[in-house]
Amino acid sequence: MEAQTMLSGFCPNPAIPSVQNAKKPFFAKPPSSHSSFVQSDNWVSHRAVLSISQRATKRMECTNNAVEAVDVASNEDLTSGIRLKKLAVFVSGGGSNFRSIHEASLRGSIHGDIVVLVTNKQGCGGALYAREKGIPVISFPKTKDEPDGLSTACLVATLRRFEVDFILLAGYLKLIPVELIRAYAKSIVNIHPSLLPAFGGKGYYGMKVHKAVIASGARFSGPTIHFVDEHYDTGRILAQSVVPVLPNDTAENLAARVLGEEHRLYVDVVAAICEERIIWRQDGVPLIRSKENPNEYS
Ligand SMILES: Nc1nc2c(c(=O)[nH]1)N[C@@H](CN(C=O)c1ccc(C(=O)N[C@@H](CCC(=O)O)C(=O)O)cc1)CN2
Ligand SMILES: NCC(=O)N[C@@H]1O[C@H](COP(=O)([O-])[O-])[C@@H](O)[C@H]1O
């Protein structure tokens with residue numbers, strides 16, 4: 001049975017609003033040296049951020065609003081103490097970023113599981129890979145090419161039923177509707193193949209981006225990972241990485257160089273998201289806390 005048909009039972013009545021996650025996170029304030037950092041209510045860790053000397057041996061846990069220090073033998077214990085996250089990936093094309101993240105999940109580099117793939121093109125490479133790996137595939141949105149596509153309300157209800165924590169866009173070429181953005185506030189990220197805000201927005205996707213970069217004479221390019229808001233490529237930037245643009249580059253050469261960096265960067269960023277190492281500065285800029293040195297941010 002096609003996953004779509006099987007999944008349709010997840011959305012008996014699209015009119016029924018999706019159930020919001022009921023979790024109430026424990027608010028933890030970082031040490032005074034980071035007093036400029038606050039954590040939003042969507043991403044706060046369930047553990048207080050301790051000074052580096054304490055952190056090596058202790059983890060703070062909140063149970064029934066009582067905070068207690070729990071002995072931690074090693075970083076693995078810290079990771080194993082963090083809930084395994086459930087991920088939805090959205091693709092429209094070949095899916096190399098999706099595959100890279102899936103492989104990282106399987107080898108344990110990402111503390112998360114891809115539980116569902118969403119696509120607007122059932123025949124794309126990403127959907128074929130998902131079916132080979134037994135990952136359910138959902139069509140979204142409903143179009144003439146994809147008449148079985150879900151409505152936004154039904155997609156939200158289905159993602160809730162899969163208990164999805166975070167949504168990763170990876171070459172998905174349709175605008176994410178505001179209803180889904182509100183349902184997954186600060187929990188949807190996208191990778192774009194240029195150094196935003198340059199060369200982003202409507203019309204900037206795939207090879208079009210690299211052709212524009214080369215035509216501009218820019219000497220550097222690279223991927224950007226950002227949170228998704230209601231417009232294309234205007235959400236808060238979370239991570240970037242720089243590659244050179246060479247004088248004799250074709251769009252294809254540049255695309256390949258940027259894509260290789262995308263695979264590395266996206267795995268690192270998704271690992272940080274799943275390990276609850278994202279922290280929000282008071283001006284709204286998201287930062288990634290270093291795994292090796294928790295007093296360092298990027
Ligand atoms: N609400 C948001 N939705 C999406 C975002 C986002 O930032 N906010 N990012 C895109 C991905 N993307 C760039 O990273 C992007 C994708 C597609 C387009 C675009 O111009 N699309 C064309 C249609 C293309 C097609 O259907 O083949 C269009 O809308 O005319 C720009 C940027 C994913 N969604
Ligand atoms: N604006 C969105 C956009 O252009 N996204 C780009 O589509 C490609 C998807 O490759 P993949 O399917 O092999 O991961 C990637 O280069 C990604 O940055």
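Source: prediction; values computed, not measured. (Residues numbered from 1 in each chain as written. Chains lettered and ligands numbered in written order. Predicted model: local features only at pLDDT ≥ 70, side-chain atom pairs only at ≥ 80, totals over all residues. Heavy atoms only, no water.)

### A word on the site of ligand 1
And step 1. Taken together, the neighbourhood of ligand 1 is formed by 22 residues, with Asn190, Gly203, Asp229, Tyr232 and Asp233 sitting nearest.
And step 2. Separating an oxygen atom of ligand 1 from a side-chain N or O atom of Asn190 is a distance of 2.7 Å.
And step 3. In this structure, Tyr232 approaches ligand 1 through a side-chain N or O atom, which is 2.7 Å from an oxygen atom.
And step 4. Among the elements that make up the shell around ligand 1, the one with the highest residue count is strand E8 (residues 188-192) (3 residues).
And step 5. For the shell around ligand 1, the residue count by class is 11 nonpolar, 6 polar and 5 charged. (Near = heavy atom within 4 Å. Polar contact = N/O pair within 3.5 Å; in protein donor to acceptor, adjacent residues only side chain to side chain. Helix = DSSP H or I, 4+ residues; strand = E, 2+ residues; numbered from the N terminus. Nonpolar A, V, L, I, M, F, W, Y, C, P; charged D, E, K, R; others polar.)

### Digging into the nonpolar core
And step 1. Of all hydrophobic cores here, the largest spans 36 residues; its most connected members are Phe98, Ile110, Leu117 and Tyr266.
And step 2. With 9 residues, helix H9 (residues 251-274) is the largest single contributor of residues to this core.
And step 3. Residues within four places of Phe98 in sequence aside, it is in contact with Val89, Val91, Ile114, Leu117, Gly126, Tyr129, Ala130, Ile135 and Ala170.
And step 4. If you look at the next biggest cluster of nonpolar residues, it comprises 26 residues, including Cys154, Val156, Leu169 and Ile176. (Core = buried A, V, L, I, M, F, W, Y, C linked by side-chain atoms within 4.5 Å. Buried < 20%, exposed > 50% of the residue type's maximum accessible area, 1.4 Å probe, protein only. Contact = heavy atoms within 4.5 Å.)

### With respect to the environment of Cys154
And step 1. By secondary structure assignment, the location of Cys154 is in helix H6 (residues 152-161).
And step 2. Given a relative accessible area of 7%, Cys154 falls into the buried group.
And step 3. Between the C-alpha atoms of Cys154 and Cys11, which are 143 residues apart in sequence, the distance is 5.3 Å.

### A few points about the side chain of Asp249
And step 1. By the element assignment, Asp249 lies in the loop between strand E12 (243-244) and H9.
And step 2. Of the polar contacts made by the side chain of Asp249, one reaches the backbone nitrogen of Leu246; its length is 2.7 Å.
And step 3. Engagement of the side chain of Asp249 in a polar contact is seen with the side chain of Arg257, the distance being 2.6 Å.
And step 4. Residues within four places of Asp249 in sequence aside, it is in contact with Ile214, Pro244, Leu254 and Arg257.

### Some thoughts on the packing of aromatic side chains
Given two aromatic rings, their pairing is described by the distance between the two centres and the angle made by the two planes.
And step 1. Across all of its chains, the model carries 3 aromatic pairs by this definition.
And step 2. Relative to Tyr129, the ring of Phe98 lies with its centre 5.3 Å away and its plane at 90°, an arrangement referred to as edge-to-face. A residue pair is termed long-range when its members are at least 10 positions apart, and Phe98 in helix H4 (residues 96-106) and Tyr129 in helix H5 (residues 125-132) qualify at 31 residues.
And step 3. Owing to a relative accessible area of 7%, Tyr129 belongs among the buried residues under this scheme.
And step 4. With 4.8 Å between their ring centres and 40° between their planes, Phe227 and Trp280 make a pair best called tilted. Here Phe227, found in strand E10 (residues 224-227), pairs with Trp280, found in strand E13 (residues 278-281); they are 53 residues apart in sequence, far enough to count as distant.
And step 5. Judged by relative accessible area, which is 4%, Phe227 ranks as buried.
And step 6. What makes Trp280 buried here is its relative accessible area of 5%.
And step 7. For Arg160, the ring lying beneath its charged end belongs to Tyr184, and the centroid distance is 4.4 Å.
And step 8. One residue, Lys186, lies across the ring of Trp280, its end atom 4.3 Å from the ring centre. (Phe/Tyr/Trp six-rings, centres within 6.5 Å; stacked < 30°, edge-to-face > 60°. Lys NZ or Arg CZ within 6 Å of the ring centre and 35° of its normal.)

### Points about the sheet that holds strand E6 (residues 137-139)
Strands in a sheet are paired, the pairing made by backbone hydrogen bonds, and the direction either parallel or antiparallel.
And step 1. Reading across from one edge, E6-E5-E4-E7-E8-E10-E11 is the order of the 7 strands in this open sheet, with mixed pairing throughout. If you trace the sheet from one side to the other, it starts and ends with E6 and strand E11 (237-240), each paired once. Averaged over all adjacent pairs, the angle separating strand axes in this sheet is 25°, with direction ignored.
And step 2. In terms of strand pairing, E8 meets E10 through 4 bridges, oriented antiparallel. Bridge pairing in E10 places Val189 opposite Phe227.
And step 3. Sheet strands in contact with H4 are strand E4 (85-91), strand E5 (112-119), strand E7 (166-169) and E8, and its direction is about 160° off that of E5.
And step 4. The sheet contacts of H5 involve E4, E5 and E6, and relative to E5 the element is tilted by about 135°. (Pairing = 2+ DSSP bridges. Axes fitted to C-alpha atoms, helices over the stretch in contact; angles between N-to-C directions.)

### Side note on H4
And step 1. Along H4, the residues that are buried comprise Asn97, Phe98, Ser100, Ile101, His102, Ala104 and Ser105.
And step 2. Just beyond H4, the residue with positive phi is Gly108, at close to 90°.

### Brief notes about the pattern of salt bridges
When their charged atoms lie close together, side chains carrying opposite charge are able to pair.
And step 1. Under the definition given, this model contains 9 salt bridges.
And step 2. When the shortest N-O distance is used, the salt bridge between Lys86 and Glu163 registers 2.5 Å. Here Glu163 lies in the loop between H6 and E7 and Lys86 lies in strand E4, a separation of 77 residues in the sequence.
And step 3. Two residues, Arg264 and Glu261, come together in a salt bridge whose shortest N-O distance is 2.5 Å. (Salt bridge = Lys/Arg side-chain N within 4 Å of Asp/Glu carboxyl O.)

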